[in-house]
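Commentary on secondary and tertiary structure
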Amino acid sequence: MAVKDRDRFSTATRIRLLGEQTAARVYRSQTKRQARRSRLTGRAALLALVLCSLIVALAYPMREYVSQRAEIDDLQREQQQARERVERLRDLKARWQDDAYAEQQIRQRLHYVMPGETGFIVVDPHAAKQSRTDLGAADRPWYSNVWDGVDKADAADR
């Protein structure tokens, strides 16, 4: 046991122990320094800068391209609707060339009758009731009637 105690206090043992402690401290400081060190290298920073520049440079042309494509689609849709309307108008024109259709429309819209026929017009009973309800407007002041007219016109737009 005396040999172990003597080895423990010997100069060589102390120096070796001091070296191990120093190495441990150095190792710990290096690992902390490596952990704190940024992983962004100069090349990576340059690549990120180039990519950001490309994105900024291409953002406006891409936005214009997308908006122009949307406008082209809208114009094509309007053109298709115009073609369909022209086709409907051509069909209507062709129908009006037929004498039987023209006669039918004249009888229906203008209330014409052929010679020897008797024409009758049926009055809608609901329309008469509505006109009677408007008679109560004469009892109110004129500005109330104007305001009601504005409200009715606004409701008709909806």
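What you see is a predicted model; the values in this text were computed from it and never measured. (Residues numbered from 1 in each chain as written. Predicted model: local features only at pLDDT ≥ 70, side-chain atom pairs only at ≥ 80, totals over all residues. Heavy atoms only, no water.)

**Thoughts on a nonpolar patch on the surface**
Together, Leu 46, Leu 47, Leu 49, Val 50, Leu 51, Leu 54, Leu 58, Met 62, Tyr 65 and Val 66 give the surface a local cluster of nonpolar side chains, amounting to about 1,000 Å² of exposed area. Along the chain, Val 50 turns up in helix 3 (residues 42-97). Val 50 gets classed as partly exposed once you look at its relative accessible area, which sits at 40%. (Patch = residues over 30% accessible without salt bridge, like charges linked within 9 Å, V, L, I, M, F, W, Y side chains within 5 Å. Areas by Shrake-Rupley, 256 points an atom, 1.4 Å probe, with all protein chains shown as cover. Salt bridge = Lys/Arg side-chain N within 4 Å of Asp/Glu carboxyl O. Helix = DSSP H or I, 4+ residues; strand = E, 2+ residues; numbered from the N terminus. Buried < 20%, exposed > 50% of the residue type's maximum accessible area, 1.4 Å probe, protein only.)

**Considering helix 4 (residues 99-110)**
Taking 1.5 Å per residue as the helical rise, helix 4 with its 12 residues ought to reach 16 Å, and the 16 Å between its terminal C-alpha atoms agrees with that figure. Every buried residue belonging to helix 4 is among Tyr 101, Ala 102 and Gln 105, and all of these are buried. Viewed along the axis of helix 4, the buried residues span an arc of 95 degrees, placing them on a single side of the element. When the buried face of helix 4 is taken as reference, the exposed residues oriented beyond 90 degrees from it are Asp 99 and Ala 100. Immediately downstream of helix 4, the backbone of His 111 shows phi near 60 degrees, a positive value. (Expected span 1.5 Å × (residues − 1). Arc of directions from axis to C-beta.)

**Notes on the packing of aromatic side chains**
If you walk through the whole model with that rule in mind, you get 2 aromatic pairs. Pairing Trp 96 with Tyr 101 gives two aromatic rings, centres 5.4 Å apart and planes at 80 degrees, and the pair type is edge-to-face. Exposure remark for Trp 96: the relative accessible area of 35% places this residue in the partly exposed category. Overall, Tyr 101 belongs to the buried group, its relative accessible area being 16%. (Phe/Tyr/Trp six-rings, centres within 6.5 Å; stacked < 30°, edge-to-face > 60°.)

**Description of the confidence of the model for the protein chain**
Caution applies to low-pLDDT regions: their predicted coordinates should not be interpreted in detail. In the predicted model, the protein chain carries a mean pLDDT of 83, and the fraction of residues at 70 or more is 82%. Put simply, helix 1 (residues 2-8) is where the protein chain has its lowest mean pLDDT, 56, and helix 3 is where it has its highest, 95. (pLDDT = per-residue confidence, 0-100.)

**A short note on the pattern of salt bridges**
Taken as a whole and assessed by the stated rule, the structure comprises 5 salt bridges. Among the ionic pairs, Arg 77 bridges to Asp 74, the shortest N-O distance being 2.9 Å. Here Asp 74 and Arg 77 lie together in helix 3, a separation of 3 residues that amounts to about one turn. A relative accessible area of 48% means that Arg 77 is categorised as partly exposed. On the basis of relative accessibility, which here comes to 33%, the residue Asp 74 falls in the partly exposed class. When the shortest N-O distance is used, the salt bridge between Glu 117 and Arg 107 registers 3.0 Å. Here Glu 117 is found in the loop between helix 4 and helix 5 (125-133), whereas its partner Arg 107 is found in helix 4, with 10 residues between them in sequence. We classify Arg 107 as partly exposed; its relative accessible area is 30%. A cluster of three or more residues bridged by salt bridges with shared partners is formed by Glu 103, Arg 107 and Glu 117.

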